[in-house]
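# Summary of the model geometry
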Amino acid sequence: MKMEWKPEEEGLRQILTLLKESQSPDTATQRAVQQKLEELNKYPDFNNYLIFVLTNLTSEEEPTRSLSGLILKNNVKARYNSFLPEVAEFIKRECLSAVGDPSPLIRATVGIIITTIASKGELTSWPELLPALCQMLDSQDYNVCEGAFGALQKICEDTAELLDSDALNRPLNVLIPKFLQFFRHSSPKIRCHAIACVNYFIMGRTQALMLHIDSFLENLFHLAADEDTDVRKNVCHALVLLLEVQLDRLIPYLPNIIEYMLMRTQDPQQAVALEACEFWLSLAEQNVCREMLGPRLPALLPVLVRGMRYSEMDVSLLRGDRDDDADDAEPDRDSDIRPRFHKPRSHTVKHNGDSNMSGGGESDDEEDGGDDDGSLSDWNLRKCSAAALDVLANVFGADLLPVLFPILKETLFHDDWVIKESGILAVGAVADGCMSGMVPHLPDLVPYLVCCLAERKALVRAITCWTLSRYSHWIVSQSHDLYLRPVMTELLKRVLDNNKRVQEAACSAFATLEEEACTELVPYLGHILQTLVYAFSRYQHKNLLILYDAIGTLADSVGHHLNKPEYIDLLMPPLITKWNVLKDEDKDLFPLLECLSSVATALQSGFLPYCEPVFRRCVSLIEQTLNQNIVSANSQSPEQFEAPDKDFMIVALDLLSGLAEGLDGHINHLVLNSNLMQLLYQCMQDPMPEVRQSSFALLGDLTKACFQHVLPYIPEFLPILGMNLNPELISVCNNATWAIGEISIKLGPETSKYIPLVLSNLVEIINRPNTPKTLLENTAITIGRLGYVCPHDVAPVLHQFVRQWCTSLRNIRDNDEKDSAFRGICQMIQVNPGGVVPDFMFFCDAVASWSHPKDDLKEMFTKILHGFKAQVGDDNWRRFADQFPVQLSARLAAMCGI
C-alpha cells in the first residue's frame, strides 16, 4: 500500500514564513524571498508543500494560502514536465479535492492551477479531470458546483480547440448540453459561468454547439431580462458573437434582438451597455444592416450620441470640470507615455488626382478625439458609441443626416458643456461616412467650431481640434481667407494652450491639416514655425513626442520651401539641442530621428551644416545594434544578454535614407569615410522584415545619391534583393523592387547578368490578383527600367506582363520614374512588336495618361502608334480606333497626331 505524503513541521514553518515575508512592501525583502524560492525549487516535494498550504491549511489567512497556490501555478507553468510523477499526481488529487473549498478566493486559485496543468497538454494525460468536474456540477453543494464551473470556464477559455478535437473523444458533445442545463440555475454566478463557457465555442462554429443552437438561442432569450449584471453582459456578448458567425440563424429574431440591444445599450450598468454597443459595430459589417436597422435609426442615434457623453466619473478623472485647467507646468508621469512604434520607410509613387473627399485622415483609434488619459485609454462606452456612429455613417451615408441633425441642433447649442462636447464628437464621427451630405452645412459649421476652440472647458477645446481635423480636406479646398486661415490661426493658439490634453489634440489635428494642405501652407510658414518652436519650450515629455511628429509632417508637406535661412535658424537649434541631450539608448530618439529624417529630406543642402554628426550617430546606432545582436545570439546563457531593440537600427537606417535623399551627392564623402556599406550588407540579411525593408529603402537612396560606393557590392546585393521579392511581405518586397529599378538605371547594360535573378518574380507579382496598388506600380516601373537598360533580355516575355503593366501605370503622375519605365516599354516593343499586339489598346490608354512627355519620348510613342497603323492598314486601324473612348481618341490625336 502506498504511503500518503505528509509535510514536515519545520518545512511547513519555513514556507509560511517566506509567504508572509513576500507580502512585505520592502524591495530588499522581496528580493531575498525570490532567491529563497529559487533554492527551494531544487527540492522535489517543495510543490507538495505549496499545494498543501493552499488546500489544507485552513488555519492560515486566505491571501497567504492563495499566494502559495499562485507560486505553484508559476512553477507548473515553468517546469511542470520535470515534476516527479508522484508529485504531479499528488497536486492533481489535491486540486480535485479542493475544487469546492468554502472560500471563493481559494476555489479560484485551485481553478487556475487546474487550467495551467491542463494547458500544458495534460488534458490528454489527465483523463479523469473533465468527467470529475462534470460530475461536480450536479453537486447539491453550491461551493462544489461553482468551483467546478470556475475551473471549467478557465479550461474552455484556454483550450477551446483541443476540447473540440478527436484527441479527447470530443467531450463537448457531453459538455455543451450540460452547460445549457445551467442557464436557468437559481444562482446568477452559475448562470454566468454557463453562458461564458458556451460563448468560447461560438467563433469556432463548434459542431457540438451547432447541433444545439436552437436550444442555446431559446435559453439566451429566456435570460434577456436577467437581474444580474454579469449575466446580461454575457447574453449581449453571445449575441454579438452569433451575429458574426451565425447570422442566418439570427435573421428571424433580428428585429427583436435589435430592440433588446437598444434597451441594453442604455443599461444603467456601463459594462452591459458597452457589451451591447459592440452589437452595432458588428451589425454594420453585415449586408442586412441597411434594411434591418434603417427604420430604427431614429431610436438608435439618440442612444449612441448619449453614450458619447463623458460620465461624471470620467469628468472627475480628467479634471474636466475646472475652469482653470492649466496643467502644462506639471511634469508627465512615465505611465502617461504610451510605447511608440516606428513605421519603417516605404517607397511610394505619386498619383494623378490623388485627393479624395474622405474628410481628412483615416478613421483611426483617435475616434474619441483623444481622451487617452491613462485611466480612460481603455475601450469604453464613449469610444464604442463614437465608433458605432462612424461605421453606421459609412453604411447609411447622407441618409443618416436627417435623423442626426435634430440631435445635433439640440446638443451643439446646449448649455451643459458635457452634452455640447458629445455633439461636437458626433460631428467628427460622421465626417468620413457622411462627407457629401455634410458639405452644404460646413460653411456654417466650421466657423461655429472655430469659436468652440476658445471654449472655457478644456475637454470641449480638445474635441473641437479633433473634429475640425476630420474636415481638413474640405477646409483646404475652400477660400483661405474664409476657412483655412482662421482654422489654422486658432489651432496654432491651441497648440500653445495651457492644458496638456488640448495641446496634444491641437498638435495632432494640425499634423492632419498639414498632410491635406501641403504647399498651401507655404505663405504661413513663418507663423507656423514660430509657434511650433515656441511649443518646444512649453511642452512636457509626452506632448514633445507629438510635436516632433507635427514638425516632421510639416517638412514632408512643404518640402524644399522649408530651405530658407530664416526657417532653418528657427527650427534646427531646438532639434539639435534635443539630439545632443538624448542618450543612444533613449527611446525618445525614435520620434526625433523620424522628425529629422523628414527635415533633412526637405531642407536638402540646407541640412549640410548638421549632417556629419547626425550621419555618424546613425551609423554608430546601427553598428551597436548589430554587435549586441551577435553577442546575444552567440552567448552560452542567452538570458543574461537582452536581445537588442532593433527599432534603433530601423530608425537610424530611415534617417540615413532621408539624408541621402535630401543631400544627394553631398553625402558622398560621409559614406566614403564610414563602414556603412558593410553594415548595410548585414542589415539586408536581418531576419526581421522591418530591418530589411528600411535597408532596401536606404540602398535605393544611396544608389541615387552616390552609386560609386554601391557599385562594388552589386554582386552581393542583387541576389539578396531577388530573394526578397516575396509579395507576402508587401513593404519588404516593395522596397526591394524599387531598389532593383534604381540600381538598373545606374548599372545600365551590365544589369543583364542579374536579370535571371529577378525578372520571373517581378512578372509573377505584377500578375498576382489583389496585389496592393503601390507594389504593382513599383513592380511595373522596375520591369520598365530593366527593359530600358536591357531590352533584349526582357522583351521576349513582353506578352506575359504588358496588359497589367499598362493598367498599373496609367494613374501615376508624370515623373522621372514613369519616364524611364515608358522608355523601357517602347524599346521592348521595338524588339518584340508581336508581344504587345493582343493588348495594344491598353498601351494606347497608358500613353494617353501622360500630360507632358518629353519630346523624344513623345516621338517614340508616335513612331510605335504610326508603325502599328501602317502595319494593319487604314481600315483595320479605323475599326480598332472606333473602340476607343472619346477622351482617349482626343488625347492620342493631340499627342501623336493619330
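Residues numbered from 1 in each chain as written. Predicted model: local features only at pLDDT ≥ 70, side-chain atom pairs only at ≥ 80, totals over all residues. Heavy atoms only, no water.

## Things to note about the overall build of the protein
The helix and strand tally for the protein stands at 50 helices and zero strands. Overall, the C-alpha framework of the protein stretches about 100 × 70 × 65 Å when taken along its three principal axes. In the protein, of all internal contacts separated by at least 6 residues, the share reaching a separation of at least 24 is 76%. Working note: accessible area of the protein is about 39000 Å², and carbon and sulfur atoms make up 52% of it. Here the protein carries 79 positive and 120 negative side-chain charges, and the mean point of each set is 2 Å from the other. (Helix = DSSP H or I, 4+ residues; strand = E, 2+ residues; numbered from the N terminus. Contact = heavy atoms within 4.5 Å. Areas by Shrake-Rupley, 256 points an atom, 1.4 Å probe, with all protein chains shown as cover. Lys, Arg positive; Asp, Glu negative; His and termini not counted. Charge placed at Lys NZ, Arg CZ, Asp CG, Glu CD.)

## Things to note about the packing of aromatic side chains
Applying the stated criterion across every chain yields a total of 24 aromatic pairs. Taken together, a centroid distance of 5.9 Å and an interplanar angle of 80 degrees make the contact between F822 and F861 edge-to-face. Taken together, the residues F822 in helix α46 (residues 816-831) and F861 in helix α48 (residues 855-872) connect sequence positions 39 residues apart. Judged by relative accessible area, F822 falls into the buried class, the value being 0%. On the basis of relative accessibility, which here comes to 0%, the residue F861 falls in the buried class. Measuring from centroid to centroid gives 3.7 Å for F840 and F868, while their planes differ by 10 degrees, and the two rings are stacked. Note that F840 is positioned in helix α47 (residues 840-847) and F868 in helix α48, a separation of 28 residues in sequence. The same class applies to F840 and to F868, which are both buried. Joined through ring pairs, the aromatic side chains of F840, F843, F868, W877, F880 and F884 make up one cluster. The ring of W850 has K818 lying over it, and the distance from NZ or CZ to the ring centre is 4.9 Å. (Phe/Tyr/Trp six-rings, centres within 6.5 Å; stacked < 30°, edge-to-face > 60°. Buried < 20%, exposed > 50% of the residue type's maximum accessible area, 1.4 Å probe, protein only. Lys NZ or Arg CZ within 6 Å of the ring centre and 35° of its normal.)

## Remarks on the side chain of D819
Examined against the element boundaries, D819 turns out to sit in helix α46. With relative accessibility at 8%, the residue D819 sits in the buried group. For D819, the contacting residues outside a window of four places in its chain are W850, K854 and L857.

## Description of the nonpolar core
Residues F216, W280, F607, L659, W805, I825 and F843 are the most contacted members of the largest nonpolar core, which totals 326 residues. Here this core gets eleven residues from one element, more than from any other, and that element is helix α35 (residues 647-663). Those residues within four positions of F216 in sequence are excluded, and the remaining contacts are L180, F183, V198, N199, I202, L209, A238 and L242. (Core = buried A, V, L, I, M, F, W, Y, C linked by side-chain atoms within 4.5 Å.)

## A look at the environment of S385
Its location among the elements puts S385 in helix α21 (residues 381-396). Taking the C-alpha atoms as reference, S385 lies 5.8 Å from G307; in sequence the two are 78 residues apart. Contact partners of S385, with chain neighbours within four places excluded, come to C277, L304, G307 and M308.

## Points about the environment of V619
Assignment of secondary structure puts V619 in helix α34 (residues 608-634). Taking C-alpha positions, V619 is 49 Å from L67, a pair spaced 552 residues apart along the chain. Discounting residues that sit within four places of it in the chain, V619 has contacts with L656, N675, L676 and L679.

## A short note on the packing of helix α28 (residues 480-495) against helix α30 (residues 525-538)
Interaxial distance between α28 and α30 falls to 9 Å at its minimum, and their mutual angle equals 15 degrees. As judged from the angle between their axes, α28 and α30 are roughly parallel. Crossing of α28 over α30 shows left-handed handedness. Of α30, the residues touching α28 (which contributes M488, L492 and V495) are H527, I528, T531, L532 and A535. Considering only residue class, the contact of α28 with α30 consists of six nonpolar, two polar and no charged. (Axes fitted to C-alpha atoms, helices over the stretch in contact; angles between N-to-C directions. Parallel < 35°, antiparallel > 145°, perpendicular 65-115°, else oblique. Left-handed = near helix turned anticlockwise from the far one by under 90°. Nonpolar A, V, L, I, M, F, W, Y, C, P; charged D, E, K, R; others polar.)

## Section: the environment of L250
Relative to the helices and strands, L250 resides in helix α15 (residues 247-250). Overall, L250 belongs to the buried group, its relative accessible area being 1%. Put simply, L250 and T782 are 532 residues apart on the chain and 51 Å apart in space, counted from C-alpha to C-alpha. When sequence neighbours within four positions are dropped, the list of residues in contact with L250 reads L217, L239, L242, L243 and I257.

## What about the pattern of salt bridges?
Counted according to the given criterion, the structure contains 35 salt bridges. D138 is paired through a salt bridge with K178; the nearest N and O atoms lie 2.6 Å apart. With D138 in the loop between α7 (129-137) and α8 (142-158) and K178 in helix α10 (residues 172-181), the pair connects residues that are 40 residues apart, well separated along the chain. Relative accessible area serves as the criterion here: at 13%, K178 is assigned to the buried category. Salt-bridge contacts for R823 lead to D856; the nearest nitrogen and oxygen are separated by 2.8 Å. (Salt bridge = Lys/Arg side-chain N within 4 Å of Asp/Glu carboxyl O.)

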